[in-house]
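One-letter residues, chain by chain:
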Amino acid sequence: MDFNMKKLASDAGIFFTRAVQFTEEKFGQAEKTELDAHFENLLARADSTKNWTEKILRQTEVLLQPNPSARVEEFLYEKLDRKVPSRVTNGELLAQYMAEAAGELGPTTPYGKTLLKVAEAEKQLGAAERDFIHTASISFLTPLRNFLEGDWKTISKERRLLQNRRLDLDACKARLKKAKAAEAKATLWNDEVDKAEQELRVAQTEFDRQAEVTRLLLEGISSTHVNHLRCLHEFVKSQTTYYAQCYRHMLDLQKQLGRFPGTFVGTTEPASPPLSSTSPTTAAATMPVVPSVASLAPPGEASLCLEEVAPPASGTRKARVLYDYEAADSSELALLADELITVYSLPGMDPDWLIGERGNKKGKVPVTYLELLS
């Protein structure tokens, strides 16, 4: 019991001494041991890494789960070390509503058939989103959290210890200075100065040892950057895969809807700008959209026979194919990315399409899959 009381009294005394030293430093009444410039740079770099890691982590969480209530729920489950319940994605929920609507409104009607097709695509999008969230959480969010909750807490703990060792050191310096001043006035015995010098040596040793430990941890931030860089590559890879899956699903859906007889009623605006305003830069930066109902001939007229179509005397151009394209029927020309073909337009053609020629093969090709060359 006496030992515990003495220890508490000693701890209280040390805390009081540090508080006095810290306060006097703030008011400029005591000297402060400054860290070298390299150490200060390491501290600033570590703080910056921690702050930006927190911001990137929080915003990535918002990207993966925009619903704040769901994020809070996931956070609570994580803190309770319990598995987060499986949650239906927005795309899967939309797919469910569309399928139910088709069943009630008539699955054999044009609207019902379209609802079912779109529902199937939305379900695929929801599954792709679920995979992306899972992959991004493991490969990107988890390493960031591990740094903040592991390495950074260790660094913070050692920095606090270093701060305490520095306050102890400066307090010893102040006591030694006062002891020497008192000795000069012959008010203290020499053993008081010897005691103050011994305390200063011990405090200096402890400070130097703690500074070295802290410095090594701070220099480890470089390894943290390397690890986060690798995780960032994994995040971009998973995001690219997700968007590529979404694009393929929607491209397939649009092709299917374009083949549905009687699916679209009324007039629609062209899916892409006229050829005269389409620049290579714009075409390359635009995600290809499959035109809806395409025809070589105006409504009411017989379709043109491709074998009989001859290129105009002027107006042919070279075009580079931006993306692979699978022909929907014999009137279209299948395309391979990066190949060069000759293209031209015919009077009355849908502005979203051109006639493409490759050797002795020809057929309709979508404008948005091409980069027109001068």
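The following paragraphs examine the structure supplied in this document. Residue numbers restart at each chain and count upward from 1, following the sequence in its written direction. Reporting in this predicted model follows two pLDDT cut-offs: at least 70 for local features of residues, and 80 or more for side-chain atom pairs to be given and counted; totals over whole chains, interfaces and linings ignore these cut-offs and use all residues. For the side-chain quantities, the full set of heavy atoms in the structure was used; hydrogens and water were omitted.

What follows covers the pattern of salt bridges. Basic side-chain nitrogens of Lys or Arg form a salt bridge, by our definition, when they fall within 4 Å of a carboxyl oxygen of Asp or Glu. On inspection of all chains with the given rule, the structure shows 16 salt bridges. The partner of Arg-18 in a salt bridge is Asp-168, with the nearest N and O atoms 2.9 Å apart. With Arg-18 in helix α1 (residues 2–26) and Asp-168 in helix α5 (residues 110–184), this residue pair connects regions lying 150 residues apart in the sequence. Three exposure classes are used, based on accessible area relative to the maximum for each residue type with a 1.4 Å probe and protein chains only: buried under 20%, partly exposed in between, and exposed over 50%. What makes Arg-18 buried here is its relative accessible area of 18%. With relative accessibility at 17%, the residue Asp-168 sits in the buried group. Across the pair Glu-92 and Arg-130 runs a salt bridge whose closest N-O atoms are separated by 2.4 Å. Secondary structure elements are taken from DSSP: a helix is a run of H or I of four residues or more, a strand is a run of E of two residues or more, and numbering for both begins at the N terminus.

To continue, consider the side chain of Glu-61. Tracing the backbone through its elements, the reader meets Glu-61 in helix α2 (residues 37–64). A residue is classified by how much of its surface remains accessible, and Glu-61, at 18% relative accessible area, is buried. If sequence neighbours within four positions are ignored, Glu-61 has contacts with Arg-71, Leu-141 and Arg-145. Should any heavy atoms of two residues lie within 4.5 Å, those residues are counted as being in contact.

By nonpolar core we mean a set of buried residues, namely Ala, Val, Leu, Ile, Met, Phe, Trp, Tyr and Cys, connected to one another through side-chain atoms within 4.5 Å. Of all hydrophobic cores here, the largest spans 34 residues; its most connected members are Phe-39, Phe-132, Phe-140 and Leu-218. Only α2, α5, α6 (190–219) and α7 (221–259) provide two or more residues apiece to this core. The biggest single contributor to this core is α5, with 16 residues. Beyond its immediate sequence surroundings of up to four residues, Phe-132 is in contact with Leu-64, Phe-235, Ser-238, Gln-239 and Tyr-242. Core analysis: the next-biggest nonpolar cluster, separate from the first, contains 19 residues, Val-321, Tyr-325, Leu-335 and Val-343 among them.

Attention now goes to the pairing of strand β3 (residues 353–358). Of all six residues in β3, five are buried; the element is thus mostly enclosed. Here, a strand pair is defined by DSSP locating no fewer than two bridges between the strands. Relative to β3, strand β2 (residues 340–344) is paired through three bridges, and the arrangement is antiparallel. From the neighbouring strand, Val-343 faces β3, where its bridge partner is Gly-356. Two elements, β3 and strand β4 (residues 361–366), share six bridges in a ladder whose sense is antiparallel. Each residue of the ladder has a partner; that of Ile-355, found in β4, is Lys-364. Here β3 folds back onto β4, and the loop between the two strands holds two residues, one of which, Gly-359, carries a positive phi near 65°.

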